Amino acid sequence: PDAPSRFRFGLRARMLLGHVGLLAIAVIASVLVARQVLLSRLEDRIDHELAQEVTELRILARGRDPQTGRLFGTDVRAVFQVFLRRNVPARNEVILTYVDGRFYDRSPTLRSPPYRLEEDPELIARWASLEETDEGEISTPGGRVKFLAVPVRIRRASPATFVVAVFRDREEEELNDAITALG
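Conventions used here
Residues numbered from 1 in each chain as written. Predicted model: local features only at pLDDT ≥ 70, side-chain atom pairs only at ≥ 80, totals over all residues. Heavy atoms only, no water. Helix = DSSP H or I, 4+ residues; strand = E, 2+ residues; numbered from the N terminus. Buried < 20%, exposed > 50% of the residue type's maximum accessible area, 1.4 Å probe, protein only. Lys, Arg positive; Asp, Glu negative; His and termini not counted. Salt bridge = Lys/Arg side-chain N within 4 Å of Asp/Glu carboxyl O. Polar contact = N/O pair within 3.5 Å; in protein donor to acceptor, adjacent residues only side chain to side chain. Phe/Tyr/Trp six-rings, centres within 6.5 Å; stacked < 30°, edge-to-face > 60°. Contact = heavy atoms within 4.5 Å.

**Focus: the side chain of Asp 120**
Thought 1: Position of Asp 120 among the secondary structure elements: in the loop between β2 (102-106) and α3 (121-127).
Thought 2: For the buried Asp 120, no salt bridge exists, and the shortest N-O distance to an oppositely charged side chain is 9.1 Å, to Arg 126.
Thought 3: There is a polar contact of 2.7 Å between the side chain of Asp 120 and the side chain of Tyr 115.

**Some points on the pattern of salt bridges**
Thought 1: Under the counting rule described, the total for this entry stands at 16 salt bridges.
Thought 2: Taking the shortest distance from any N to any O, the salt bridge between Glu 49 and Arg 45 comes out at 2.7 Å. Highlighted residues: Glu 49 and Arg 45, both in helix α1 (residues 11-61), separated by 4 residues, approximately one helical turn.
Thought 3: Accessibility expressed as a relative area gives 13% for Glu 49, which makes it buried.
Thought 4: Classification of Arg 45 by relative accessible area gives partly exposed; the value is 33%.

**Brief notes about the packing of aromatic side chains**
Thought 1: All told, the structure shown has 5 aromatic pairs when counted by the stated rule.
Thought 2: Ring geometry for Phe 80 versus Tyr 104: centroids 6.4 Å apart, planes at 40°, classification tilted. Of this pair, Phe 80 sits in helix α2 (residues 76-86) while Tyr 104 sits in strand β2; the two residues are 24 residues apart in sequence, bridging distant segments of the chain.
Thought 3: Given the relative accessible area of 25%, Tyr 104 is considered partly exposed.
Thought 4: Aromatic side chains Phe 83 and Phe 162 sit 5.3 Å apart centroid to centroid with 90° between the ring planes, which places their arrangement in the edge-to-face category. Of this pair, Phe 83 sits in helix α2 while Phe 162 sits in strand β5 (residues 160-167); the two residues are 79 residues apart in sequence, bridging distant segments of the chain. Assigned by exposure class, Phe 83 and Phe 162 land together as buried.
Thought 5: An aromatic cluster is defined as three or more aromatic residues linked by ring pairs; in this entry it consists of Phe 80, Phe 83, Tyr 104 and Phe 162.

**What to know about the environment of Leu 50**
Thought 1: Among the structural elements, Leu 50 can be located in helix α1.
Thought 2: Taking relative accessible area as the criterion, Leu 50 reaches 4% and is therefore assigned buried.
Thought 3: Separated by 121 residues in sequence, Leu 50 and Glu 171 have C-alpha atoms that sit 14 Å apart.
Thought 4: Setting aside residues up to four positions removed in sequence, Leu 50 forms contacts with Lys 146, Phe 147, Leu 148, Val 164, Ala 165 and Val 166.

What follows is the structure in structure tokens.
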């Protein structure tokens, strides 16, 4: 005899269920692929922003002080002051400067950062007296931070370091919000 009618599906119902299942799999796969593509682009954008800030500092250091019209010469502090005053950091980006092995100044921020990198003793020790370029990603209480730190070499100038960092987790949160909306 026949199975109870509540367990029997007609051919149309089974086909519809199969199509809905395939569509769900395709949507999930599309969202996952889109997320990976966007994460890759985020990495590229962050790397570009970090390198761009360093390039802009190097160009400024070879130029003239806009207030006096004279070359900066060996005044690395003046270079940092002009750069930080004229440069607007990207969202979730912070720029730190060190002179003579101590924290000097930081970029102004529109909103408070999740963690004050310039107050971290390990980072101060790592960046304050940098001899060669240091780049990578670190974990902080405020989340992951991708950074590029370069020694500023100006003949007869005080030893200095320029650090640009991006709070990667905040950037990824924004991306995840977009992916959630897409889903």
